[in-house]
Structures are given as structure tokens and as C-alpha cells.
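# Reading the structure
The chain contents come next:
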Amino acid sequence: MPLRKFNLGLEATALDSILSLVWLLVCVLVIVALAYLFTRYVVGRGGGMMGLTGGTERFKVLCRLSLGREQSAALVRAGGRYFLLGITPSSVSLLAELGEEEAKALYVPQSDQPAPPSFGEALRTVLKQKKPR
């Protein structure tokens, strides 16, 4: 019985191209989904934009000021007490304990400042800015 050769040249190449394209789209969608989930995780942990604020209602970083490359000062509310902390990579130092009036004079919540965009909004903005070639 003679062996038959099948001529799958063009059809197999087209099918391979389509399967490669589908696989590429699946990979891109998985990467975008993982990026979205990671940003949700970071925001959920209080990371926010650049980790400026976080905590609960009773214990919260109210504001942070960068003083150098890896140095900052932070105003922290713990219960009804307010602390001004100096933060470096190797330590956290108490600079001052403030009264409520002093803390409110340093920290005024900016209600007119818009919230940072969600991952989906940021992605849509970047895709709209992308110019077609």
C-alpha cells in the first residue's frame, strides 16, 4: 500500500498563523489582567499613589513630605494623638508630638484634588493618546 502525501502547505501555514495570533492575544490579555489585579492589590494595601497615605481611621498617615533621596517626614494620627516622624531607610524617629490644633494647621485635606484614576481609566487614556502608524 503506497503512502499518501497530503498537500497541507498553504492551509497548515495559515492555520499556524491564526493559532499564533490567538495565542498572542491570550497572552496579552493575561498580562493586562495580571497588571490590573496587581494594581488593585497595591491600592488595597494602602499603597495608593506612591504610598503617600494608608492605614485605618484610627491609625493613619495623613501626609508625607520628601526631604531627600530616601528621607521623608510624615504626619501620623494614632487614635487622638498626632506625631511628626522622620523616616529614613534604617530608622523612624519621633520629631515631635503635636496637639490637634497644630496638626490641623499642618495638614489641611485637599477635597478639591481629584482622586487618582483607576487602572482601566489610565489604560484607556494611554490607548487614546497612542497615535496610529
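Look a little higher up for the structure.
What you see is a predicted model, and the numbers here were worked out from it, not measured in a lab.

Time to look at the overall build of the protein chain. Counting its regular elements, the protein chain contains three helices and five strands. Reading the protein chain from its N terminus to its C terminus gives the helix and strand order α-β-β-β-β-β-α-α. In the protein chain, which comprises 133 residues, the proportion classed as buried is 12%. In the structure as shown, the protein chain presents an accessible area of about 11700 Å², 64% of it carried by carbon and sulfur atoms.

Next up on the list: the side chain of serine 72. Looking at the secondary structure, you find serine 72 in strand E3 (residues 72-78). Look at serine 72 and you get buried, because its relative accessible area is 11%. What serine 72 contacts, discounting residues up to four positions off in sequence, is Arg64, Leu65, Ser66, Leu67, Leu85, Gly86 and Ile87.

This brings us to the environment of leucine 37. For leucine 37, the location among the structural elements is in helix H1 (residues 9-44). Here leucine 37 falls in the exposed class, since its relative accessible area comes to 52%. Measuring from C-alpha to C-alpha, the distance between leucine 37 and phenylalanine 119 comes to 9.3 Å, with 82 residues separating the pair along the chain.

Nonpolar side chains collect at one region of the surface, where Ile18, Val22, Trp23, Val26, Val30, Leu34, Tyr36 and Leu37 lie side by side and expose about 790 Å² of accessible area between them. With respect to the secondary-structure elements, valine 22 resides in helix H1.

The next subject is the environment of leucine 67. Here leucine 67 is to be found in the loop between strand E2 (59-66) and E3. For the pair leucine 67 and threonine 88, spaced 21 residues apart in sequence, the C-alpha to C-alpha distance is 9.8 Å. Once residues lying within four places of it in the same chain are set aside, the contact partners of leucine 67 are Ser72 and Ala73.

Enumeration over the complete set of coordinates arrives at two salt bridges. In this structure, the salt-bridge partner of glutamate 97 is arginine 81, at a minimum N-O distance of 2.9 Å. Taken together, the positions of glutamate 97 in strand E5 (residues 92-98) and arginine 81 in strand E4 (residues 81-87) put the pair 16 residues apart, joining distant regions of the chain. With a relative accessible area of 44%, glutamate 97 lands in the partly exposed category. Residue classification places arginine 81 among the partly exposed positions, given a relative accessible area of 45%. A salt bridge links lysine 104 to glutamate 100; the nearest nitrogen and oxygen atoms lie 3.0 Å apart. Residue lysine 104 and its partner glutamate 100 are both found in helix H2 (residues 100-106); the two are separated by four residues, about one turn of the helix.

Most of E3 sits inside the fold, with six of its seven residues counted as buried. Pairing between E2 and E3: seven bridges, direction antiparallel. By the bridge assignment for E3, phenylalanine 59 is matched with alanine 78. Hairpin connection from E2 to E3: five residues lie between these consecutive antiparallel strands. Bridge count between E3 and E4: seven bridges; the pairing is antiparallel. Looking at the pairing, leucine 75 lines up with leucine 84 of E4. In this structure, the hairpin formed by E3 and E4 is closed by a connection of two residues, where glycine 79 is found at a positive phi of approximately 65 degrees.

Reading the values: the criteria
- Residues numbered from 1 in each chain as written.
- Predicted model: local features only at pLDDT ≥ 70, side-chain atom pairs only at ≥ 80, totals over all residues.
- Heavy atoms only, no water.
- Helix = DSSP H or I, 4+ residues; strand = E, 2+ residues; numbered from the N terminus.
- Buried < 20%, exposed > 50% of the residue type's maximum accessible area, 1.4 Å probe, protein only.
- Areas by Shrake-Rupley, 256 points an atom, 1.4 Å probe, with all protein chains shown as cover.
- Contact = heavy atoms within 4.5 Å.
- Patch = residues over 30% accessible without salt bridge, like charges linked within 9 Å, V, L, I, M, F, W, Y side chains within 5 Å.
- Salt bridge = Lys/Arg side-chain N within 4 Å of Asp/Glu carboxyl O.
- Pairing = 2+ DSSP bridges.

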